[in-house]
Every structure is written in C-alpha cells, then in structure tokens.
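Overview (structure and organization)
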Amino acid sequence: MKLNNNTILITGGSKGIGFEMAKKFLQLNNKVIICGRSESALKSAKNELKDVYTIKCDISNSNDRKELVETIKKEFPSLNVLVNNAGIQRDVNFNSNFDDLHNLDEISINFEGPIFLIKELLPLIKENNNPCIINVSSQLGFFPMAKMPIYSATKAAMHSFTKSLRHQLKDSVEVIEIIPPAVDTNLNPEGRKKGNFKFDLKTPEYVEDVFEKLKEELLEICYKDNLENINNSTKKDIDSIFEKMNNR
Ligand SMILES: NC(=O)c1ccc[n+]([C@@H]2O[C@H](COP(=O)([O-])OP(=O)(O)OC[C@H]3O[C@@H](n4cnc5c(N)ncnc54)[C@H](OP(=O)(O)O)[C@@H]3O)[C@@H](O)[C@H]2O)c1
C-alpha cells in the first residue's frame, strides 16, 4: 500500500498493535482516526499521539457503529483506508459449567463489526484515491488454540472472508490481511495470567516488521517467514502443529 497521505481509521487503535500502527502511520504523514470502547484509553493515546483523532465506539454495538460511520462521513470524507484491528480473546472451556458466553462478543467484535464497517464505509473509501482495507486476523486462524475455540474460529473466518473480499474487489480496492503471531499486548489478560503464551515479541518490533511488508506491497502479512511455513504446511503438518500447541 501507499504509506503516506492517507486518511486511516484504525479500530482498536488505543492500545497494543493498533496503537503502534497509529503511531507509525502518523510518523509517515497520514491523518489517523482511532476508535475504542474505553474513554480513558483513548485519552491516554491522544496524550501520546498528539495528532490522532479519537472516537469512542464499541464496534459490537450497532448504534455505536452507525454513529461512527456517520461521524466519519461528515468529518473525514477523505477516508481511504480502514484497518479492522479491534479484537478480544477469551479462554472458553466447554468442559466447565458456564452459562455466560458474554453474548458471543468475540464473534461480534472480531468478525461482525468489521463486516458491517466494510459494508458501510466501502462507498466512501472507493470515492477516494488509493482505497485500501486491512483486516487483522491471527496465526490462530490457521492453527487453532483449543483453549480459545471461539477466538480461533473468528480469526479463521476473518482469513476466509478477507480472501473472498480481495477477489471481489480486485479491480477497485487493495485488501490486505495482517496475520500476527503471539505479540506482547494485553489482549487476553486471563490467559496471560495462566501463561497461555510466551510473549517474547514486543509490539513495536512486531509493527516494524508489518510496515516493512506493507512497504513491499504484500497482501498477506505474516511475521518473518511464518507465511512460508503456513503455505508449505501439509494437512499432516497442520495436525501435528495443532497437537504440539495444544498438548504442551
Ligand atoms: N497480541 C497478540 O498476540 C495477537 C495475536 C494475533 C492476532 N492479534 C489481533 O490483533 C488485534 C489487536 O490486538 P492487540 O493484541 O493489540 O490487543 P489489545 O492490546 O487488547 O488492543 C485491542 C484494541 O481493540 C479495542 N477494542 C476491543 N474491543 C473493542 C470493541 N468492541 N470496539 C472497539 N474497540 C475495541 C481495545 O480498546 P477498548 O478495550 O478500549 O475497546 C484496544 O484498543 C486483534 O484483532 C487481535 O485479535 C493479536
């Protein structure tokens, strides 16, 4: 993608990977709008990234999403890039007694919200130069983590959806998928306490790698050579990786 002079909406840009992407895009002379649920997280992002615009919005809430779209159309008509980054991750164990699936908000935040925003913002994005949609999935969409069955499934869905969207929009809009590995953010505080992941990879270092690949105009962005490993995996490899990941 072209890395400067864009108007970019990053969902979930107040923390973690989205925040680092917002910082990088601002350094590259873009207009950047971020959204998130927590007012205080947006405020502290604004304190650090002076030029960023913030909008409070829960992308799983249909009224919030409608308001966000209206605000963007009115105040940022030059929008040409949408980054669907906001996401949550939960451990869900179907062996335990539980009756609360949080209204399946993993599905509405990680998958439904992005689809709605793409549908509603696509006409505006297409009106502007260098239209681009970036969807953030996860390596867990390729190799599910059984502790997080719904999360992993939403990310597999995001990968599949992004491929189809790229095909449909091939003559008009660049469609990019970012496929992060485990990165040191606060995505799943409960899982973090339980030691689900090793967090060796710091967010700024990860986002540097992403921007190198955006510069190379790659459409599927994996960390280092992980995409090669994914693409070269046979069904047997995938099953064996799944067993290794889930029986540690
Ligand atoms: N970190 C990893 O290891 C990893 C690995 C693979 C993929 N990913 C993906 O990378 C993306 C970013 O995750 P992260 O690790 O940077 O997590 P993070 O540090 O927890 O940041 C998530 C961001 O999304 C926002 N958000 C969450 N729910 C939202 C909602 N309903 N509406 C609007 N904004 C919402 C959060 O702000 P509020 O809480 O204030 O709403 C925050 O700004 C996610 O899609 C995640 O699945 C992360």
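Here we summarise the structure given alongside this text. (Residues numbered from 1 in each chain as written. Predicted model: local features only at pLDDT ≥ 70, side-chain atom pairs only at ≥ 80, totals over all residues. Heavy atoms only, no water.)

Some points on the pairing of strand β6 (residues 174–179)
- With five of six residues buried, β6 is to be regarded as a mostly interior element.
- Across five bridges, the pairing between strand β5 (residues 132–136) and β6 is parallel. Note on β6: the bridge partner recorded for Val136 is Ile178.
- In this fold, the crossover linking β5 to β6 by way of helix α5 (residues 149–168) has right-handed handedness.
- When β6 meets strand β7 (residues 220–222), the two strands line up parallel, connected through three bridges. Residue Ile179 lies in a different strand from β7, and its bridge partner there is Cys222. (Buried < 20%, exposed > 50% of the residue type's maximum accessible area, 1.4 Å probe, protein only. Helix = DSSP H or I, 4+ residues; strand = E, 2+ residues; numbered from the N terminus. Pairing = 2+ DSSP bridges. Right-handed = clockwise from strand over helix to strand, strands pointing away.)

Digging into the site of the ligand
- Around the ligand sit 28 residues in total, of which Ser14, Arg37, Asn85, Tyr151 and Thr185 are the nearest.
- Separating a nitrogen atom of the ligand from a backbone N or O atom of Ile59 is a distance of 2.9 Å.
- Note that an oxygen atom of the ligand is positioned 2.8 Å from one of the backbone N or O atoms of Val183.
- Relative to its unbound accessible surface of 880 Å², the ligand loses 95% to contact with the protein. (Near = heavy atom within 4 Å. Polar contact = N/O pair within 3.5 Å; in protein donor to acceptor, adjacent residues only side chain to side chain. Areas by Shrake-Rupley, 256 points an atom, 1.4 Å probe, with all protein chains shown as cover.)

Remarks on the packing of aromatic side chains
- Summed over all chains, the structure comprises four aromatic pairs.
- Centroid distance Phe25 to Phe211: 4.8 Å. Interplanar angle 65 degrees. Geometry classified as edge-to-face. In this pair, Phe25 sits in helix α1 (residues 16–27) while Phe211 sits in helix α7 (residues 203–215), placing the two residues 186 residues apart along the sequence. For the pair formed by Phe25 and Phe211, the shared burial category is buried.
- Pairing Phe111 with Phe161 gives two aromatic rings, centres 6.0 Å apart and planes at 90 degrees, and the pair type is edge-to-face. In this pair, Phe111 sits in helix α4 (residues 105–127) while Phe161 sits in helix α5, placing the two residues 50 residues apart along the sequence.
- We note Lys24 situated over the ring of Phe211; from NZ or CZ to the ring centre the distance is 5.7 Å.
- Positioned over the ring face of Phe116 is Arg65, at 4.6 Å from the centre of the ring. (Phe/Tyr/Trp six-rings, centres within 6.5 Å; stacked < 30°, edge-to-face > 60°. Lys NZ or Arg CZ within 6 Å of the ring centre and 35° of its normal.)

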